[in-house]
Amino acid sequence: MKRTLFYMLLFAVIFFCAAPFIWQIITSLKPSGELTSLPPLVSMNPTAEHFRSVIYRHQLVRFILNSLIVAASTTGLSLLLGSLCSFGLAKLKVPFSSPILAIMLSVSIFPPIATVSPLFIFIRALGLRDTLLALVITHTVFSLPLSVWILTNFFKTIPDDIYHAARIDGCRSFHIFYRIMIPLSLPAIVTTAILVFIFSWNEFLFALTFTSTSSRTVPVAITLFAGTHEIPLGEIAAASVIVTAPIIILVLLFQRKIVAGLTSGAIKG
Amino acid sequence: MINKDRGIRYVAPALAVLLLITAYPVFYVLYLSLHRELLIFKISKFIGPDNFFFLFQDDRFWNALKNTVYFSTLSVSVELALGLCIALLLNRSFRLKGVTRAVVLLPWAIPTVVSARMWELIFNSDFGVLNYLLGAHINWLGSPSWAIHAAILVDIWKTTPFVVILLTAGLQIIPGELYRAARTDGAGAWKVFRTITLPLLLPVILVVLLFRTLDAFRVFDVIYVLTGGGPANATETLSLYAYKILFQTLQFGYGSAISVMVFVCTGCISVFYIKLMTGSTPR
Amino acid sequence: MAEIRLIGIQKKFDGPLVIDDLDLVIGDGEFFTIVGPSGCGKSTILNMIAGLDPVTRGSIFFDDCMVNDISPKERDVAMVFQNYALYPHMTVYENIAFPLRIKKMPKTAIDAEVRQVAALLDLNDFLRRRPRELSGGQRQRVALGRAMVRKPRVFLMDEPLSNLDAQLRIAMRSELKKLHEKLKITTVYVTHDQSEALGISDRIAVLHRGRIQQCDTPHDVYNRPANTFVAGFIGSPQMNFIHGSVSVDRRHEIQCNEIALTTVQDLSRAAGNVTIGLRPDDITVSSVEMRSGMQVEITVVEPAGAFCWVDFKWGGIEMRGKADSEIELRKGVTAYITFPVEKIHVFDLESGARIE
């Protein structure tokens, strides 16, 4: 009895989380004619017309490519800067290391809207409007607190004696960083990479303000999707499905790591 | 030389980039907020705190503040309550736990913009599936009283997973012996929850509240896509108002003044929660 | 191989001095142990010798070369850590080879060295495993191997045995001793375990509150402790301490518990109150009345196999002694104690320093 109730509740939770996705898939497969018909049920004549239209007429592939480039470069840069910084903070002597960490973390609570106007002027002045580089820079900076936080916490769990042993064995600090610390931290680095990638892939406000046409990312493209006469429901649904698919795969593969990353620090600190 | 690996060499690049892209804009936005700044006309004139005086008489600002507070309070409290229930539900071993956890994570992982688009379809007043299921004819996104709640619902759907993940992790670090001890002392389920689970979970709950409140307070994406602030500014939040003034009317001075207000508010919220945290968790 | 000299060493971190004005000479090829309770600063000394921590003041010499400003790499020391500090992502082979690879030694030479060390430590069967697949004792040997493979001038060991279980610890002690006899490399060994220190070392320094209390051979540290701290710290069970008083005119007599104890020491300069130290090992408890024996009341009997430890009260003073396990002793029973006069240690009451 209790067990049945448990599974009913569990099903309710799963349904609540998954239903909008399922509905999106159903809609994306409906022929245009059935989109506005009532009752809004599953179509008997599924079609791929919206997917074709999204890819060929709306250049979705290009926006996906933009998003991929931005998210991948952001992830790489953020990990590079973040891991170096975390190594310094966690294992070496740095003057004022705790205020530095505090400053870095406080950036994560900055409301983006409060910095978007000066950054816009800044980026315009540098001639970076409507470039992917503008997004890579801002995304890297705003993901740095996350990288530094997760990696510093992880580096701190590596015993100091391992660092000492490597120094005695004749390593210089940079050797220790890339021959000992980095291989030992691969799990944490993967976790950080996934979270930073998702952050950059999903980011909207900067992408909306800094890009206009050629360098739009997926979230902006989907937002500004407009048909000639009416809202292109089927195409929006198809685009959403295409954009969500990689994220779903990422989540299914790495859910354990994502959970670890999200909870790192929040639970301890 | 001993200890010649000065760590600052490793910290400096990240710190420099961070300060350049965040600290500098923060000061610049303060500077802008004290100016009449119209980019298209190349007007830039120091006017002191006039923007702020004007702000305090601006009904649209007060309306946006009210909407933001309403949005944050309602969404965060429902998310916390719902998240706690789901976390308690998942905090046991059952088959397919991994898959369940992945499904619960999904709404959090997809772009907010996409989730808003999904719900837009569901909310459609003429042929949306929600009205069909309810057998009602509610104008979800078109009527001022419903629209803000529709936005709140999307936010709840999108971010409850985050709350669930954090609370589940918090539940897992409570030692199982404590529950067994309480049970042997004769405490019922509710009593165990009140005296063991809740107090030990409190630090995590506060962290969740901090993150979520800050996030909700600067809400932008969902509302931008779902209603654009309408109808009749009923869903216009501070971030959205600032964005419109900045990038639709290009009044950088006044828009920056609104941004500064968002900044001040989030600052106050952080200080409040951090005070609460340091007060509630004696170490 | 090298002689190590520490001259006027001071060390402080943020607060007060951790090490205060330390002078120490560790001979070439010596097995030297620094022993003391936790927090006495013994690991700090080791880290300063290694070059991991700079000294605040003073100088460190390896032979005639001052090494204060020389990096650990160039000091040519090897260190074994309490938690082994093996690189978890490398195999046993890679762990041992690592210091040589850093030195950019040719591959074939590395291979030869690693295999030689592995054979010596009986690690040949584990070379392809990773540290987490090994037992504590095996990890310990890998850590030793990594230290040995470089043929360093100095071995530094920071409580290397304290994470092993009791039996293995005893076995590894004699392993270490044998290795040292074979390699004859100057070894500085840090431990909090006094029996380990007594068993393994050529010489011992007893450290307390950043100062060396005594630096001597194990035999002298045990038999002629320099002060009450050393006397209480070295030896198990702990030495008994009793108050006594010495009068000016009696040079070989202490008044204690209304009994006059005759001593071998000349006490003429210690007139006044003193502390008497007696090791439980040296006190024989018996149920038979002996002529010189003092009458005591038994409180606890703790069998230890071949003999018993006996807690008793001697005129209100709690003490501990040793009894033959054949003798029947029970709580509350009256018994008698004797001890050899030459085993009486006398310390100044104020300073705690030994009086001879």
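Since the model is a prediction, treat every value here as computed from it, not as a measurement.

*Asks:* Give me the lowdown on empty space enclosed by the protein, citing residues and values where you can.
*Replies:* Throughout the structure, instances matching the rule amount to 4 cavities of 30 Å³ or more. Size it by volume and the largest cavity reaches roughly 80 Å³. Forming the walls of the largest cavity are 10 residues, and the residues nearest its centre are A:Trp23, A:Thr27, A:Leu35, B:Leu121 and B:Phe127. Partitioned by chemical class, the residues of the lining of the largest cavity number 7 nonpolar, 2 polar and 1 charged. Roughly 70 Å³ of volume is contained in the second largest cavity. C:Phe31, C:Leu144, C:Phe155, C:Met157, C:Leu176, C:Leu179, C:His180, C:Leu183, C:Lys184, C:Ile185 and C:Thr187 are the residues that line the second largest cavity. Mapped onto the lining of the second largest cavity, the elements with two or more residues apiece are strand S7 (154-158) and helix H6 (166-183) of chain C. A class-by-class count of the residues in the lining of the second largest cavity yields 8 nonpolar, 2 polar and 1 charged.

*Asks:* Before we move on, could you go through the confidence of the model for chain A and cite the residues and values that matter?
*Replies:* Do not read the predicted coordinates in detail wherever pLDDT is low. Considering every residue of chain A, the mean pLDDT works out to 86; 94% of them sit at 70 or more. Considering each helix and strand of chain A separately, the mean pLDDT is smallest for helix H2 (residues 49-56) of chain A, with a value of 84, and largest for helix H3 (residues 60-91) of chain A, with 93.

*Asks:* Account for the pairing of S7(C), with residues named and values stated.
*Replies:* Residue and element names in this part refer to chain C. Across the 5 residues that make up S7, a large majority, 5, are buried. Across the two faces of S7 the burial is the same, with Val154, Leu156 and Asp158 and Phe155 and Met157 all buried. Relative to S7, strand S6 (residues 77-80) runs parallel, the two being bridged by 4 bridges. For valine 77, the partnering residue across the bridge sits in S7 and is valine 154. Taken together, the 5 bridges between S7 and strand S8 (residues 186-191) define a ladder with parallel strand orientation. Counted as the bridge partner of aspartate 158 is valine 190 from S8. With respect to chirality, the unit in which S7 leads through H6 into the neighbouring parallel S8 is right-handed.

*Asks:* Requested: an account of the interface of chain A and chain B, with residues and values cited.
*Replies:* Facing the 90 residues of chain A at the interface are 86 residues of chain B. A buried area of about 8,100 Å², summed over both sides, lies between chain A and chain B, and 80% of it is on carbon and sulfur atoms. Counting across the chain A and chain B interface gives 0 salt bridges. Linking chain A with chain B are 15 residue pairs in polar contact (both at pLDDT 80 or more), by the criterion used here.

*Asks:* Explain the pattern of salt bridges to me, using residue names and the numbers behind them.
*Replies:* The tally for this structure, following the rule as stated, stands at 25 salt bridges over all chains. For C:Glu159, the salt bridge goes to C:Lys42, with nearest N and O atoms at 3.7 Å. You can see C:Glu159 sitting in the loop between S7 and H6 and its partner C:Lys42 sitting in helix H1 (residues 42-50), a full 117 residues away along the chain. We note that C:Glu159, like C:Lys42, is buried. A salt bridge links C:Arg115 to C:Asp111; the shortest N-O distance between them is 3.3 Å. Taken together, the residues span about one helical turn, with C:Arg115 and C:Asp111 both in helix H4 (residues 107-120) at a distance of 4 residues. Each of B:Glu79, B:Asp155, B:Arg212, B:Asp215 and B:Arg218 takes part in salt bridges that share partners, so that together they form one network.

*Asks:* Please provide a residue-by-residue account of the packing of aromatic side chains, values included.
*Replies:* Evaluation of the coordinates by the stated rule reveals 40 aromatic pairs over all chains. For the ring pair B:Phe61 and B:Trp62, a centre distance of 5.3 Å and an interplane angle of 65° mean the geometry is edge-to-face. Judged by relative accessible area, B:Phe61 falls into the buried class, the value being 2%. With centroids separated by 5.3 Å and ring planes inclined at 40°, the aromatic side chains of B:Tyr243 and B:Phe247 adopt a geometry described as tilted. Here B:Phe247 and B:Tyr243 lie together in helix H11 (residues 238-248), a separation of 4 residues that amounts to about one turn. Owing to a relative accessible area of 17%, B:Phe247 belongs among the buried residues under this scheme. Three or more aromatic residues link up through ring pairs in this structure, and these residues are A:Phe120, A:Phe204, B:Phe220, B:Tyr224, B:Tyr243, B:Phe247 and B:Phe252. The ring of C:Phe61 carries C:Arg5 above its face, with NZ or CZ at 4.9 Å from the centroid. Residue placement shows C:Arg146 over the ring face of C:Tyr87; its charged tip is 4.7 Å from the ring centre.

Criteria and cut-off values
- Residues numbered from 1 in each chain as written.
- Chains lettered and ligands numbered in written order.
- Predicted model: local features only at pLDDT ≥ 70, side-chain atom pairs only at ≥ 80, totals over all residues.
- Heavy atoms only, no water.
- 1 Å grid on protein atoms, 1.4 Å probe; cavity = no way out; pocket = protein on both sides within 12 Å on 5 of 7 lines; lining within 4 Å.
- Points joined across faces, edges and corners; volume = space filled by probe spheres on them.
- Nonpolar A, V, L, I, M, F, W, Y, C, P; charged D, E, K, R; others polar.
- Helix = DSSP H or I, 4+ residues; strand = E, 2+ residues; numbered from the N terminus.
- pLDDT = per-residue confidence, 0-100.
- Buried < 20%, exposed > 50% of the residue type's maximum accessible area, 1.4 Å probe, protein only.
- Pairing = 2+ DSSP bridges.
- Right-handed = clockwise from strand over helix to strand, strands pointing away.
- Contact = heavy atoms within 4.5 Å.
- Buried area = accessible area lost by both parts, 1.4 Å probe.
- Salt bridge = Lys/Arg side-chain N within 4 Å of Asp/Glu carboxyl O.
- Polar contact = N/O pair within 3.5 Å; in protein donor to acceptor, adjacent residues only side chain to side chain.
- Phe/Tyr/Trp six-rings, centres within 6.5 Å; stacked < 30°, edge-to-face > 60°.
- Lys NZ or Arg CZ within 6 Å of the ring centre and 35° of its normal.

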